[in-house]
Amino acid sequence: MAVAIDKRPLWVILLSKSYRPLFFVLITLAFLGILSLPTPAGLSQEGHRAIAVFFVCVTLWVTTLIPLSITSLLAIILIPFLGIMDSKKAYALFGNEAVFFILGAFILAASLMKSGLSTRFALAVLSRFGKTPKTLLTAVYLFPAFLSFWMSEHAVAALMFPIVVEITKVLELRPLRSDYGKALFVAMAWGCIVGGVATFLGGARNPLAVGMLLETTGQSIGFFEWMLAVVPAVIIMLVFGYLMLIWFFKIDLKNVSQVEEALVHRKIEMGKVTWEERLIGLVMLLTILTWMFFGKKLGLANIALASVVVLFVLDLIKWKDVEEYVNWGIILMYGGAITLGYALDKSGAAAWTANMTIMKWASSPILVIALFSLFSIILTEFMSNAAVIAILMPVALSIAQQLGIDPKVMTFVIAVPSGLVFMLPMGTPACAIAYSSGFLKIKDMLVPGLIMGITAWLVLILVGLFYWPMLGLKI
Amino acid sequence: MKNPGFLKLELSSKGIRLSKELTEGKDLRAAFLARAGIGGGIDIILPDDVWVNAPVRETFTKESPYLLLKDNGNFYIEKGGERVEVGVIPPPAFYEKKTSEGTPFAQVGTVHGGYLTISPIASCDFFPSYENCKFCSANSVMGPVGKKALSVREVVEIVNEAFEEGIAEFVQISLGYLDGEGHGIASLEPYITAIKKNFDTLLAVEAHPPDKDAWIDRTYAMGVDSIAYHLDIYNPERFANICPGKTRHIGRDRYLDALQYAASIFPSGTVTSNLIVGLEPLESTTEGIDHLTKMEVVPLLPIFKPLDGSEYRGHKIPDTEDIAPLFAHLYNAVKVNKINMNWSKHVSIFITPIEGRYFTGDQAKLEVTLYNLYKSKIGGLATREIAKLRRKLKVREVEGSFDASEL
Ligand code: SF4
């Protein structure tokens with residue numbers, strides 16, 4: 001178990017610890033206070049109660065006083081308890097297709113990780129392309145980006161991390177001092193982050209957003225459709241990110257020939273490609289192709305789960321491995337978020353909140369899009385990206401319906417930026433992993449991350465304004 | 001002889017001769033069973049409750065002008081006909097016992113001041129490649145003969161013996177350089193965990209800076225209350241020359257970086273680093289004191305001793321008169337930088353920063369009152385409890401929050 005030391009002065013820590021019980025009392029009081037207020041005109045009683053639940057969940061998701069997944073469970077309990085929706089419906093939403101798609105994707109990624117296929121792939125690419133400092137940096141940046149198209153960016157960062165650490169060791173780069181060392185870890189993190197927004201597989205938040213879209217509006221976004229809309233933005237961000245890397249971090253060494261030797265050595269240690277790996281690779285490839293071309297017809301979750309069954313039939317993965325690699329907390333969190341989003345929409349609470357807040361002063365679609373993507377990209381630096389989606393989506397979808405914006409556009413403008421954490425370690429594991437290398441201080445990533453964040457936001461707006469309409473998405 | 005600080009300085013650098021009665025009698029016999037080297041001498045209590053560990057076995061002690069003698073049941077230090085009455089801490093009785101695995105306790109741990117020092121892993125990887133520090137005699141004295149590492153059980157046994165006998169209050173674990181993860185700190189973890197689990201004590205570790213700061217976090221989290229990364233020599237050229245292993249495998253900059261980082265993790269006054277007096281010009285030791293204290297690191301100033309078994313045996317011991325101002329400077333620098341000087345209690349192997357006051361003429365009434373408070377039983381209890389509470393508040397398990405961030 002890794003540890004971190006809280007560097008705040010003791011009195012601040014003490015105060016923050018004593019907050020906890022006080023905070024729960026305050027949340028409960030505020031919750032009861034909201035419930036006891038007279039229901040405003042234009043809002044149903046269910047809507048009123050849904051807003052009270054939403055308030056509690058947002059507060060707990062933002063503060064993470066209890067795990068995000070447990071907050072979701074609380075939502076599931078409170079919704080039927082307060083008569084917003086009956087229990088049967090609330091629990092049924094928990095079994096949403098998006099949740100099962102995420103489960104399937106996790107199990108597929110687990111098989112890749114466990115077999116070592118993904119690591120082998122990484123070693124092959126890095127040793128092939130990493131001949132000079134620049135090409136090595138490019139490979140460390142682009143390869144995780146590409147891999148994050150197909151598996152969780154978190155898993156990619158976790159598998160890349162030991163390889164990049166080994167590279168820094170072989171090159172004798174000094175933590176906190178070597179610019180090239182810093183560049184490698186930032187490249188790894190940014191690669192994972194930017195690549196992770198390209199498909200449904202890079203971050204489970206994307207299917208979560210689509211799941212909320214489906215439950216609220218009945219519309220969905222296909223695997224290929226998502227890629228078609230997002231990949232051009234990803235490519236522009238990747239190019240810009242690379243320019244930022246070489247601008248901010250000097251390439252302060254001339255030769256990286258030792259790296260190839262070390263990576264080849266690791267490849268030899270892994271031995272020959274096994275049949276197991278080949279089969280897993282094949283299943284993965286077929287799954288991706290089916291998602292792309294038959295996703296709409298067959299259902300993404302169905303395809304994912306069918307592939308999982310195939311993995312078990314061929315004995316390529318054991319249940320023990322699934323338990324080890326699958327983050328069950330995510331499944332619970334997503335189920336709860338979808339249920340709450342649905343409750344907010346159906347009770348009219350989302351529309352009422354939208355009317356009372358953003359709609360009061362932002363009536364143009366472009367402004368709404370710019371605002372929501374900005375909220376998303378800022379919030380995600382400080383909190384979990386799934387929580388950002390759970391908080392913003394219900395209100396955003398309601399506004400989209402009122403302003404006639406295609407709700408799919410709103411899904412993109414919230415889900416894509418929610419994955420783009422370029423500065424701080426709290427927002428995404430890829431950043432946290434890069435920081436854990438010991439090469440980076442927060443200030444190293446602050447300015448480049450800020451510029452990268454602003455650029456990504458602008459890129460997304462421009463792509464939204466000029467490219468998405470070509471795909472038939474109405475703004 | 002009148003100034004206990006000065007006398008401590010003299011005795012720790014020149015050692016002391018024993019009168020015939022003491023050499024042949026039973027009083028101090030057990031002391032000769034302990035490992036030679038740093039802390040392997042006799043603990044003497046000078047006036048003003050100043051403790052000193054005076055070397056008695058090394059060759060250079062034969063030249064010492066000081067003589068320890070017993071007269072009418074009282075101990076005295078004599079020099080040129082002048083006498084001062086002192087107390088002598090009898091060597092621990094457990095020195096004569098063995099662990100359950102048959103290792104003589106005296107080879108496993110040394111008691112000096114209130115500290116029990118243990119070297120559970122008896123090696124330093126600099127020796128086989130001839131990269132050892134030139135002043136060091138560890139190779140010839142370190143650890144139990146014929147054993148690479150002690151078992152956790154043996155370590156717990158020795159701490160238990162020392163505490164039962166009431167001869168030590170704190171534990172210090174000392175580690176040579178080890179290749180591999182954390183440069184040895186990882187291998188110490190089971191010992192540290194076991195000691196903390198079984199005894200209510202403060203624990204100090206002398207080790208080498210790990211490659212990554214995360215290991216420093218981990219060191220604190222595992223229960224270490226005070227950490228020392230000994231730079232030993234401040235002057236870069238001297239450092240490279242005298243400590244080739246440290247230079248090659250760790251680097252002087254890493255020592256300084258790690259110390260600075262550790263000072264942001266550990267409580268004030270508990271991060272220390274030796275600067276050996278007498279192996280570099282006094283100006284560079286002074287510079288070292290200033291540099292370290294600015295980073296809130298406490299410099300400790302052991303005086304160079306030409307230890308038997310070290311490459312520098314036979315080298316000249318620095319003159320006490322020359323080096324005395326350094327200790328005054330140490331006291332002032334620690335005070336100006338507001339570093340807590342109260343952690344050390346009955347330290348006998350080096351002059352503590354607060355003892356530096358003896359060289360300044362400053363009575364330091366407030367500091368001494370506070371120090372005495374810390375030294376009292378109730379002060380000791382409070383210190384231990386505060387240390388525990390601090391750790392509980394400061395240490396976070398990142399896997400938990402990491403999972404959360406994935407969500
Ligand atoms: S690091 Fe230097 S001082 Fe420490 S044991 Fe090794 S050689 Fe001796």
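For the structure, see preceding data.
Rules and cut-offs
- Residues numbered from 1 in each chain as written.
- Chains lettered and ligands numbered in written order.
- Predicted model: local features only at pLDDT ≥ 70, side-chain atom pairs only at ≥ 80, totals over all residues.
- Heavy atoms only, no water.
- Helix = DSSP H or I, 4+ residues; strand = E, 2+ residues; numbered from the N terminus.
- Buried < 20%, exposed > 50% of the residue type's maximum accessible area, 1.4 Å probe, protein only.
- Contact = heavy atoms within 4.5 Å.
- Areas by Shrake-Rupley, 256 points an atom, 1.4 Å probe, with all protein chains shown as cover.
- Core = buried A, V, L, I, M, F, W, Y, C linked by side-chain atoms within 4.5 Å.
- Salt bridge = Lys/Arg side-chain N within 4 Å of Asp/Glu carboxyl O.
- Polar contact = N/O pair within 3.5 Å; in protein donor to acceptor, adjacent residues only side chain to side chain.
- Nonpolar A, V, L, I, M, F, W, Y, C, P; charged D, E, K, R; others polar.
- Pairing = 2+ DSSP bridges.

Looking now at the overall build of chain A. Summing up its helical and strand segments, chain A has 23 helices and one strand in all. Buried positions account for 59% of the 475 residues belonging to chain A. Summarising the internal contacts of chain A: among those between residues at least 6 apart in sequence, 79% fall at separations of at least 24. Roughly 19,300 Å² of accessible area belongs to chain A as shown, and the carbon and sulfur atoms make up 70% of that amount.

Core analysis: the largest hydrophobic core is formed by 186 residues, its most contacted members being Trp61, Trp291 and Phe372 of chain A. Those residues in contact with Trp61 of chain A that sit more than four places away from it in its chain are Leu68, Thr71, Ser72, Met333, Ala337, Leu340, Ala387, Ala390 and Ile391 of chain A. In this structure, Tyr115, Leu202, Val224 and Ala324 of chain B belong to the second largest nonpolar core, which totals 124 residues.

Residue and element names in this part refer to chain B. Mapped onto the fold, Leu116 is located in strand E8 (residues 115-118). For Leu116, a relative accessible area of 0% corresponds to the buried category. Excluding residues within four positions of it along the chain, Leu116 makes contact with Phe94, Gly109, Thr110, Val111, Ile158, Val159, Ala162, Ala168, Phe170, Val171 and Gln172.

On to the side chain of Lys408 of chain A, then. All names here are of chain A. Within the secondary structure, Lys408 is located in helix H21 (residues 407-418). Note on Lys408: relative accessible area 13%, which makes it buried. Apart from residues lying up to four places away in sequence, Lys408 is in contact with Leu213, Gln219, Ser220, Ile221, Glu225 and Leu473.

Attention shifts here to the interface of chain B and chain A. Listed as interface residues are 27 residues of chain B and, on the opposing side, 35 residues of chain A. Summed over the shared surface of chain B and chain A, the result is two salt bridges. At the boundary of chain B and chain A, one finds five residue pairs in polar contact (both at pLDDT 80 or more). Among the secondary structure elements, those contributing two or more residues to the side of chain B that touches chain A are helix H7 (213-221), helix H10 (252-265), helix H14 (377-394), strand E14 (395-397) and helix H15 (398-406) of chain B. For the side of chain B that touches chain A, the residue count by class is ten nonpolar, two polar and 15 charged. Across three bridges, the pairing between strand E1 (residues 3-5) of chain A and E14 of chain B is antiparallel. The partner of Ile5 of chain A across the bridge, within E14 of chain B, is Val395 of chain B.

All names here are of chain B. Side chains Gly109 and Val111 project from strand E7 (residues 109-112) onto one buried face, and the interleaved Thr110 and His112 project onto a second face that is buried too. The pairing of E7 with E8 spans four bridges and is antiparallel. Bridge pairing in E8 links Gly109 to Ile118. Here E7 folds back onto E8, and the loop between the two strands holds two residues, one of which, Gly113, carries a positive phi near 60°.

With that out of the way, let us pick up unusual backbone geometry. Residues and elements named next belong to chain B. Not every positive phi belongs to a glycine, and Asn72 is a case in point at roughly 55°. In this structure, Asn72 sits in the loop between strand E4 (67-71) and strand E5 (74-79). Positive phi outside glycine occurs at Lys338, with the angle close to 55°. Positionally, Lys338 belongs in the loop between helix H12 (320-336) and helix H13 (365-375).

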